[in-house]
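Chains, contacts and geometry: an overview
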Amino acid sequence: GAASPQLLTRTLNDSARGPRSVAIAALTMAIQNGIVMAFAVLYLPLVEAFGASRAEVAAVQSVVLLLSGFGGPAIGYALDRLGPRRLFQGGTLLAALGLFLASGAGSLPVLLMTYGIIAGLGLSALGSQPNMVVAALWYPGARGKAIAVADLGTGFGAFVFIPLTQALVVRYGWRTTLLVWAVLLVAVLIPANAFQRVPTTVPRSKVAPGGGLTLRSAASTPAFWWLVAVRFFSAIGFPLMNVHMLAFAVGAGVSPAMAAAALGTVSLVSLAGRLLTGWLADRLGRAATLTLTYTSAVVGITNLGLLAWTGWPGWLAGYVLFYGLAQGSSGIVTAARAADIFVGASFGTIYGWIVLATGPGEAIGTWAGGAIFDLTGSYLWAFGFVVVVLLAGIAAIWQVRQPALKST
């Protein structure tokens, strides 16, 4: 029968709101990831300020990353029940409060509580998990591209925040830098997310074959657990590199300003990499795309190792290019693959449980980079560890297959 006027109106409104919602998602991820990534700039100043080991200071960031994963189920459930507007505005307020309190921290345990736990909880609600779900829901026919466009904010945010943070820390110190972050969160993300929505209509033809699955039934499929494995392995490797690359480069004779610029440029290169990943994922396939991007990451890490061996700064450029093209690819591919299988009424919750593995992986990777350095006096063994886990991620994505649904 003919569609009702009300349904036609909702469909037209949804088509107009889709680009706006994806743009808001990109903005939210830009500021969230910019803050998270810029911890690499704060890392050495915090080691000096608190007289702690590198592993101890890295543990603060490990808590932030751990919460981003452990908060996945609750964030997914809140997204399904409350909607993105309330979730993102609430997370913004909590993150800003944590950063404000952290700016006055007088000891490492206080920093761990305020920055690590309070701000970490708020930042986890603003991350890629819920924003990628929003993008996937708006464009079910082109999930890879939609998620990649939203994820451009992740790379752009790091590109802007890392050199900005370096300048702020040099001029005003890390405490004032945290205050600037808190003000920026409230001033930008509260009003922007007042307009964030998910579509009110989803064509039945666009619901995945497993879209009717509950969390319990989804978790009984091998595809669910292989996606968990992909997220876990990628979460170990990329955060380890992002947190410790700057300290490694400085130790290899690169100036702090140049090292910060290189880390920021990785995020700039990742803008092209994210678009390419989304395009390839929709055309070449999810597993083949992740294989290509992870191989690129391994080539980049090899370049960084050659920098330590030869001292030639040109190897740093190779790292920026090849590693930068892979940055962000795991989130795009796994979100799109999960949507292929599980999009439906409980997708936010299901995907939230899949990314639960991200927190432990990121915490392990961030801590392991500092711990391996403390043990061996070098980051090269840590970089070799990253190569191993990326290869494991490639093996896991090829095991993700459409579940055989039981007939009723």
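Everything here concerns the structure above.
No experiment lies behind these values; they were computed from the predicted model shown. (Residues numbered from 1 in each chain as written. Predicted model: local features only at pLDDT ≥ 70, side-chain atom pairs only at ≥ 80, totals over all residues. Heavy atoms only, no water.)

**Overview of helix H12 (residues 256–283)**
The condition that has to hold: For the purposes of this entry, the term helix denotes a DSSP run of H or I that reaches at least four residues, the term strand denotes a run of E that reaches at least two, and both are numbered from the N terminus. By definition here, a helix of n residues has an expected span of 1.5 Å times n minus one. One fitted axis covers the seven residues ending at a residue, a second covers the seven starting there, and the bend at that residue is the angle between these axes.
Counted at 1.5 Å a residue, the expected span for H12 with its 28 residues is 40 Å, and the 40 Å between its end C-alpha atoms agrees. At Leu271, H12 is bent by approximately 30 degrees, the largest bend along its length. With its phi angle positive at about 115 degrees, Gly285 sits one or two positions after the end of H12.

**Describing a positive patch on the surface**
Definition in use: A residue counts toward a patch only above 30% relative accessible area and without a salt bridge, and it is joined to like-charged neighbours within 9 Å or, for Val, Leu, Ile, Met, Phe, Trp and Tyr, to nonpolar neighbours within 5 Å. Areas reported as accessible are Shrake-Rupley estimates using a 1.4 Å probe. Residue values count occlusion only from the protein chains shown. Any Lys or Arg side-chain nitrogen found within 4 Å of a carboxyl oxygen on Asp or Glu counts as a salt bridge. His residues and chain termini do not enter the charge count, which takes Lys and Arg as positive and Asp and Glu as negative. Here the site of a charge means NZ on Lys, CZ on Arg, CG on Asp, or CD on Glu. Relative accessibility decides the category of a residue: with a 1.4 Å probe and only protein chains considered, values under 20% of the type maximum give buried, values over 50% give exposed, and everything between is partly exposed.
Together, Arg17, Arg20, Arg85, Arg86 and Arg197 line one region of the surface with positive charge. Where the positive patch is concerned, the elements lending two or more residues are helix H1 (5–37) and helix H5 (84–102). Considering the arrangement of structural elements, one finds Arg20 in helix H1. The exposure class of Arg20 is partly exposed, given its relative accessible area of 39%.

**Examining the packing of aromatic side chains**
Spelled out, the test is: For this analysis, a ring pair means two rings from Phe, Tyr or Trp (six-membered ring only for Trp) whose centres lie within 6.5 Å, classed as stacked if their planes differ by under 30 degrees, edge-to-face if by over 60, and tilted for the remaining angles.
In this structure the tally under the stated criterion is 13 aromatic pairs. With centroids separated by 5.7 Å and ring planes inclined at 35 degrees, the aromatic side chains of Phe39 and Tyr115 adopt a geometry described as tilted. Of this pair, Phe39 sits in helix H2 (residues 39–50) while Tyr115 sits in helix H6 (residues 108–124), placing them 76 residues apart in sequence. Note on accessibility: Phe39 and Tyr115 belong to one class, buried. With centroids separated by 6.4 Å and ring planes inclined at 75 degrees, the aromatic side chains of Phe248 and Tyr379 adopt a geometry described as edge-to-face. Linking Phe248 in helix H11 (residues 222–251) with Tyr379 in the loop between helix H17 (358–376) and helix H18 (380–397), this pair joins segments that are 131 residues apart in sequence.

**Things to note about the packing of helix H8 (residues 143–172) against H12**
To be explicit about the condition: For helices, the fitted line uses only the C-alpha atoms of the stretch in contact; every axis is such a line through C-alpha atoms, and the angle between N-to-C directions lies from 0 to 180 degrees. Any angle that falls under 35 degrees is termed roughly parallel, while one over 145 is termed roughly antiparallel, one within 65 to 115 roughly perpendicular, and all others oblique. Any residue that is not Ala, Val, Leu, Ile, Met, Phe, Trp, Tyr, Cys, Pro, Asp, Glu, Lys or Arg is counted as polar, Gly included; the first ten are nonpolar and the last four charged.
One way to put it is that H8 packs onto H12 with a least axis distance of 8 Å and a crossing angle of 175 degrees. Comparing their axes, H12 and H8 come out roughly antiparallel. A per-class count over the contact of H8 with H12 returns 14 nonpolar, nine polar and six charged.

**Comments concerning the pattern of salt bridges**
One pass over the structure, following the stated rule, counts five salt bridges. A salt bridge links Arg143 to Asp340; its shortest N-O distance comes to 3.4 Å. Here Asp340 lies in helix H15 (residues 329–342) and Arg143 lies in helix H8, a separation of 197 residues in the sequence. The burial state of Arg143 is the same as that of Asp340; both residues are buried. Asp151 is paired through a salt bridge with Arg274; the nearest N and O atoms lie 2.5 Å apart. Of this pair, Asp151 sits in helix H8 while Arg274 sits in helix H12, and the two are 123 residues apart along the sequence. Judged by relative accessible area, Asp151 falls into the buried class, the value being 2%. A relative accessible area of 3% places Arg274 in the buried class. If you follow the salt bridges from partner to partner, you end up with Arg143, Asp282, Arg286, Arg337 and Asp340 in one network.

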